[in-house]
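The lines below spell out each chain.
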Amino acid sequence: MNTTNAVRILKAKKINFEVIEYKEEQKFSDGLEILEYIKEDPKQIFKTITLTNNKTYFVCMIPIKEEIDLKLLAKAFGEKRLELLPLSKLTEITGYVRGGCSPIGMKKNFKTIIDKSAFEYKYIFFSAGRIGMQIKMDPNDLKKVIQIQVDDIKRK
């Protein structure tokens, strides 16, 4: 098994998780490609999105087929306005690449919100920090690893 910051952190904290590896066929994979390999409910597969208010950075997690509501998200973070982090800055800020961005093990600990729908399931999937690797774990255990806020942040 390959290892990443996220995997090392989970092991060090003795958190129960499973790594799902799939063939990396290109440099970027989107959620729909991940669905081809992980034959699970798409509502359980989460993507990690990094945002900014031009001064600081924020992270959110939502199901792969959903879109964030920037107004709801800004309100949940207590901000007036947020925008998506430009992809050209993603690796510099998080240490991860597009398609392999994990909420665990970023260069810094950013305020993070996960959509409340994650807690409807015994486990969710999210990037392990590398394209071709997903973590499967109980969303309640994610709270033991990173400080997360739970809110409704999906676009209606």
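Described in the following lines is the structure provided in the data block. (Residues numbered from 1 in each chain as written. Predicted model: local features only at pLDDT ≥ 70, side-chain atom pairs only at ≥ 80, totals over all residues. Heavy atoms only, no water.)

## Concerning the overall build of the protein
Put simply, the rule reads: Secondary structure follows DSSP: runs of H or I at least 4 residues long count as helices, runs of E at least 2 residues long count as strands, and numbering of each begins at the N terminus. We compute the radius of gyration from the C-alpha atoms alone; for a globule the expected value is 2.2 Å times N to the 0.38, where N is the number of residues. Accessibility here uses a 1.4 Å probe with only protein chains present; expressed as a share of the type maximum, an area under 20% marks a residue as buried, one over 50% as exposed, and anything in between as partly exposed.
When its secondary structure is counted, the protein shows five helices and eight strands. For the protein, whose C-alpha radius of gyration is 14 Å, the value lies close to the compact-globule estimate of 15 Å for 156 residues. Projecting the C-alpha coordinates of the protein onto the three principal axes gives extents of approximately 40 × 35 × 30 Å. Residue burial in the protein is summarised as follows: out of 156 residues, 49% are buried.

## Points about the sheet that holds strand 3 (residues 57-63)
Inclusion rule: Any two strands with at least two DSSP bridges between them are considered paired. Any two residues having at least one pair of non-hydrogen atoms within 4.5 Å are treated as being in contact. Here the axes come from fitting lines to C-alpha atoms, over the contacting stretch only for helices, and the angles between their N-to-C directions go from 0 to 180 degrees.
Taken together, five strands build an open sheet; the order of strands is 4-2-3-5-8 and the sheet is mixed. The sheet is open, and its two borders are formed by strand 4 (83-84) and strand 8 (148-151), each paired with just one other strand. Where strand 2 (residues 46-52) meets strand 3, seven bridges bridge the pair, whose relative direction is antiparallel. Among the inter-strand pairings, T50 is bridged to a residue of strand 3, identified as V59. Seen against the sheet, helix 3 (residues 70-77) touches strand 2, strand 3, strand 5 (111-115) and strand 8 and runs at an angle of roughly 130° to strand 5.

## Here's the deal with the sheet that holds strand 7 (residues 133-137)
Here we have three strands laid out as an open sheet, ordered 1-7-6, and antiparallel in their pairing. Among the strands making up the open sheet, the edge pair consists of strand 1 (18-21) and strand 6 (124-127). Averaged over all adjacent pairs, the angle separating strand axes in this sheet is 30°, with direction ignored.

## So, the nonpolar core
Counted only if it meets this: Remark: nonpolar core denotes a set of buried residues (Ala, Val, Leu, Ile, Met, Phe, Trp, Tyr, Cys) joined through side-chain atoms within 4.5 Å.
I104, I114, F126 and L142 are the most contacted members of the largest nonpolar core, which totals 28 residues. Put simply, the parts of the chain that give this core at least two residues each are helix 1 (5-12), strand 3, helix 4 (87-94), strand 6 and strand 7. Among the nonpolar cores identified, the runner-up in size contains 13 residues, and I49, L51, I62 and L82 belong to it.

## Topic: helix 4
Applied cut-off: By definition, the arc is the one covered by directions from the helix axis to the C-beta atoms.
Buried within helix 4 are the following residues: L90, I93 and T94. Angular distribution of buried residues about the axis of helix 4 spans 90°; they occupy a single face of the element. Looking at the buried residues of helix 4, the elements they touch are strand 2 and strand 3. One or two residues past the end of helix 4 sits G95, with phi positive at roughly 90°.

## Things to note about the side chain of T48
For clarity, the cut-off: Residues adjacent in sequence count toward polar contacts only when both atoms are side-chain atoms; beyond that, a polar contact is any pair of N or O atoms within 3.5 Å, and within protein one must be able to donate a hydrogen and the other to accept it.
Inspection of the secondary structure assignment puts T48 in strand 2. Looking at T48, its side chain comes within polar contact range of the main-chain oxygen of C101, at 3.3 Å. What T48 contacts, discounting residues up to four positions off in sequence, is V59, C60, M61, C101, S102, P103 and M106.

## Description of the packing of aromatic side chains
Spelled out, the test is: Each Phe, Tyr or Trp ring (for Trp, its six-membered ring) is paired with any other whose centre lies within 6.5 Å, and the angle between the two planes then decides the class: stacked below 30 degrees, edge-to-face above 60, tilted in between.
By the definition in use, this model includes three aromatic pairs. Where F58 meets F77, the ring centres are 4.7 Å apart and the plane angle is 50°; that geometry is what we call tilted. Taken together, the positions of F58 in strand 3 and F77 in helix 3 put the pair 19 residues apart, joining distant regions of the chain. With respect to class, F58 is no different from F77; both count as buried.

Such coordinate-based values are descriptive only and should not be taken to indicate function.
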